[in-house]
Amino acid sequence: MSEEKKVLLEVDHLKKYFDTPRGQLHAVDDVTFTIEEGKTLGVVGESGCGKSTLGRTILKLLPHSDGKVIFNGKEVTAATPAEMLALRREMQIIFQDPFASLDPKMTVSQIIEEPLKIHKIYKDKKERQERVKELMSIVGLDERYMMTYPHELDGGRRQRIGIARALALNPKFIICDEPVSALDVSIQAQVLNLLMDLKDTMGLTYIFITHDLSVVKHISDDILVLYLGKMVEMTDSDTLFDEPLHPYTKALLSAIPIPDASYKGKEAEVMKGEVTSPIEPPPGCRFAARCPHASEKCFQVSPEFKEVKPGHWVACHLFE
Ligand code: SF4
């Protein structure tokens, strides 16, 4: 008998718009999905597609413009500051650039200890220090680095500090925002493996944000492709690589520099044209200006995000 999975995160018609002198910038525009406990959703798209803004809006680091986020039955978007403090223990983030996200004046030990102090989980410094040592060991950081500063460590070790800090409060859910993009390729694999091991041993649920489809493939159960704040395709990881439907997803796959074995021989899509402005975007499909299949209708009518095969969702007039 198959075990029924619990939905941990529900994102419901979420919007995040920014006011600019030229009008409203639609950074996240009507995004809806759920993630079951223990699963990883990869969120991919080019820089500026709204993926990092989506992550920050889900965690209420940015206020939302419309829609809802529900985590473990509680509405994050309606939470008071006190409720948010409690929710922060369960929902964490790992940032892209470990150097920029770590306070250079704090030692490794102080950085990892900080959330434990804020949330007053341990009764004294000695207990907190024991927890810091435990966390350093979990992420593979030697104890001798406790009193060092972030700038004295390499990128991989700095990212391990960020991971240890995110794990400090025993969260259920972590948003990994481009966690390996700033790292050398050789170190990327080590950090990805660490994240996958932690997910299994600690029963974590992830959103894994990246511009690089090749990074997200092995770590994700499902993948959501975003284009200028809109959801364009979502399905399980294998299907996305084997049978991509949306012309933008195909173009992203064609652009993977080292040909992925599973995508070899498939028809390449090439993007041409200018990227549509996300400020007061025109009606129609946001990808129309770059899409080789764009028709008149594509410039007039926004395609609906629909399930075109079981578990495979796409927003494109070609599949209506
Ligand atoms: Fe291309 Fe039209 Fe599909 Fe948009 S709706 S991706 S422009 S074919």
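To start, this report covers the structure provided alongside it. Keep in mind that this is a model prediction, so the values were computed, not measured.

1. Considering the overall build of the protein
Counting secondary structure elements, the protein contains 11 helices and 12 strands. Since a compact globule built from 320 residues should have a radius of gyration of about 20 Å, the 20 Å found for the protein is in line with a globular shape. Each principal axis of the C-alpha atoms in the protein carries an extent, and together these give about 70 × 55 × 45 Å. Residue burial in the protein is summarised as follows: out of 320 residues, 50% are buried. Looking at the protein alone, contacts between residues at least 24 apart form 63% of all its contacts between residues at least 6 apart. By element, 51% of the accessible surface of the protein is carried by carbon and sulfur atoms, the whole surface being about 15,500 Å². Distance between charge centroids for the protein: 5 Å, based on 40 positive and 48 negative side chains.

2. Brief notes about the layout of surface pockets
Put simply, the second largest pocket is a space of about 360 Å³. If you trace the second largest pocket, you find 17 residues lining it, with Arg88, Gln92, Ile93, Pro115 and Arg165 closest to the centre. Of all the elements in the fold, those that place two or more residues in the lining of the second largest pocket are helix 2 (81-90), strand 6 (91-94), helix 4 (108-118) and helix 6 (155-167). Residues belonging to the lining of the second largest pocket are distributed by class as follows: 10 nonpolar, four polar and three charged.

3. Details of the packing of helix 4 against helix 5 (residues 125-138)
The geometry of helix 4 relative to helix 5 is characterised by a closest axis approach of 9 Å and an angle of 115 degrees between their N-to-C directions. Crossing of helix 4 against helix 5: the hand is right-handed. Touching Val108, Ser109, Ile112, Glu113, Leu116 and Lys117 of helix 4 are Lys125, Arg128, Gln129, Arg131, Val132, Leu135 and Met136, all from helix 5. Residue composition of the contact of helix 4 with helix 5, by class: six nonpolar, two polar and five charged.

4. A few points about the nonpolar core
One recurring pattern in soluble globular proteins: nonpolar side chains tend to sit buried together. With 56 residues, the main nonpolar core has Ile163, Leu195 and Leu213 as its most contacted residues. Counting residues per element, this core draws most heavily on helix 7 (residues 185-202), which supplies six residues. Excluding its chain neighbours within four sequence positions, the residues that come into contact with Leu213 are Val44, Ile223, Leu240, Phe241, Leu252, Leu253 and Ile256. Residues Ile58, Val69, Phe71 and Ile207 belong to the second largest nonpolar core, which totals 30 residues.

5. Regarding the side chain of Arg165
Structurally, the position occupied by Arg165 is in helix 6. Buried charge Arg165 goes without a salt bridge, the closest partner of opposite sign being Glu114 at 4.7 Å. Once you skip the residues sitting within four places of it in the chain, Arg165 turns out to touch Gln92, Ser101, Leu102, Ile111, Ile112 and Pro115.

Conventions used here
Residues numbered from 1 in each chain as written. Predicted model: local features only at pLDDT ≥ 70, side-chain atom pairs only at ≥ 80, totals over all residues. Heavy atoms only, no water. Helix = DSSP H or I, 4+ residues; strand = E, 2+ residues; numbered from the N terminus. Rg over C-alpha atoms; globule rule 2.2 N^0.38 Å. Buried < 20%, exposed > 50% of the residue type's maximum accessible area, 1.4 Å probe, protein only. Contact = heavy atoms within 4.5 Å. Areas by Shrake-Rupley, 256 points an atom, 1.4 Å probe, with all protein chains shown as cover. Lys, Arg positive; Asp, Glu negative; His and termini not counted. Charge placed at Lys NZ, Arg CZ, Asp CG, Glu CD. 1 Å grid on protein atoms, 1.4 Å probe; cavity = no way out; pocket = protein on both sides within 12 Å on 5 of 7 lines; lining within 4 Å. Points joined across faces, edges and corners; volume = space filled by probe spheres on them. Nonpolar A, V, L, I, M, F, W, Y, C, P; charged D, E, K, R; others polar. Axes fitted to C-alpha atoms, helices over the stretch in contact; angles between N-to-C directions. Left-handed = near helix turned anticlockwise from the far one by under 90°. Core = buried A, V, L, I, M, F, W, Y, C linked by side-chain atoms within 4.5 Å. Salt bridge = Lys/Arg side-chain N within 4 Å of Asp/Glu carboxyl O.

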